Amino acid sequence: MCLFAVALYAQDRVVTRFLGIPVDGTKAEMMQKLKAKGFTSNSYNSDLLDGEFNGRSVHIGVITNNNKVYRVGVVDENFVGEADIKIRFNDLCGQFERNVKYRALSPEQSLSDDEDISYGMTVKNKKYDAVFLQKESADAEDSLSDYMRSVWFTISEEYGKYRIIIFYDNDLN
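Residues numbered from 1 in each chain as written. Predicted model: local features only at pLDDT ≥ 70, side-chain atom pairs only at ≥ 80, totals over all residues. Heavy atoms only, no water.

1. Things to note about the pairing of strand S5 (residues 56-65)
Item 1. Note: strand S4 (residues 48-53) against S5, 6 bridges, orientation antiparallel. When the sheet's bridge partners are listed, Leu48 is paired in S5 with Gly61.
Item 2. With antiparallel pairing between neighbouring strands as the criterion, S4 and S5 make up a hairpin whose turn holds 2 residues, including Asn54 at a positive phi of roughly 55 degrees.
Item 3. In this structure, S5 lies alongside strand S6 (residues 68-76), joined through 8 bridges in antiparallel fashion. Paired with Gly61 across the two strands is Gly73, which belongs to S6.
Item 4. In textbook terms, the turn of a hairpin is the stretch between consecutive antiparallel strands, and for S5 and S6 this stretch comprises 2 residues, one of which, Asn66, has a positive phi near 55 degrees. (Pairing = 2+ DSSP bridges. Helix = DSSP H or I, 4+ residues; strand = E, 2+ residues; numbered from the N terminus.)

2. Some words on the side chain of Thr16
Item 1. Within the fold, Thr16 resides in the loop between helix H1 (2-12) and strand S1 (17-18).
Item 2. Side-chain polar atoms of Thr16 contact the backbone oxygen of Asp169, separated by 2.5 Å.
Item 3. With residues near it in sequence (within four places) discarded, Thr16 still touches Ile21, Pro22, Val23, Gln134, Arg149, Ser150, Val151, Tyr168 and Asp169. (Polar contact = N/O pair within 3.5 Å; in protein donor to acceptor, adjacent residues only side chain to side chain. Contact = heavy atoms within 4.5 Å.)

3. Regarding the nonpolar core
Most often, soluble globular proteins keep nonpolar side chains buried together rather than apart.
Item 1. Within the largest apolar cluster, 34 residues are counted, with the highest numbers of intra-cluster contacts made by Phe153, Ile155 and Tyr168.
Item 2. Counting residues per element, this core draws most heavily on helix H3 (residues 82-98), which supplies 5 residues.
Item 3. Among residues more than four places away in sequence, those in contact with Phe153 are Phe89, Leu92, Cys93, Phe96, Tyr128, Asp129, Ala130, Phe132, Ile164, Ile165 and Ile166. (Core = buried A, V, L, I, M, F, W, Y, C linked by side-chain atoms within 4.5 Å. Buried < 20%, exposed > 50% of the residue type's maximum accessible area, 1.4 Å probe, protein only.)

This is the structure we're talking about:
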């Protein structure tokens with residue numbers, strides 16, 4: 001009976017994947033799997049890995065809860081100006097919207113050309129996020145229950161420059 005319960009639990013535990021790797025297990029296991037994908041240790045911070053993702057130089061962070069991985073964060077290494085961050089944000093929205101493995105949480109998440117990000121963030125304390133739900137596989141049925149794994153990104157600002165942070169979350173941990 002115990003073996004049946006464990007097997008049933010394992011089948012129900014479909015988690016978000018980052019580069020095909022389940023966002024699960026221990027931090028050390030996840031870091032090792034990411035290194036096997038070509039990411040390297042950051043020379044300044046042992047909790048980060050460096051590499052390329054989606055054509056960008058990035059830092060990868062693995063965040064845990066009770067020693068289980070619940071989030072992989074992908075941070076653009078380079079900061080850009082406001083015009084470029086709008087393009088980057090909208091390009092990412094488009095990539096996720098065109099990918100059959102994702103569904104947008106809300107219909108229109110792109111930024112308009114006249115959006116003043118600096119004013120929105122500093123004066124209105126506005127956050128710029130886009131949330132997508134990851135499907136188990138491209139050929140799985142297209143029902144909302146197939147999309148329970150969240151992937152989202154946000155604009156981060158430091159001293160008037162911006163970058164994107166993408167989060168792959170395991171809400172089960």
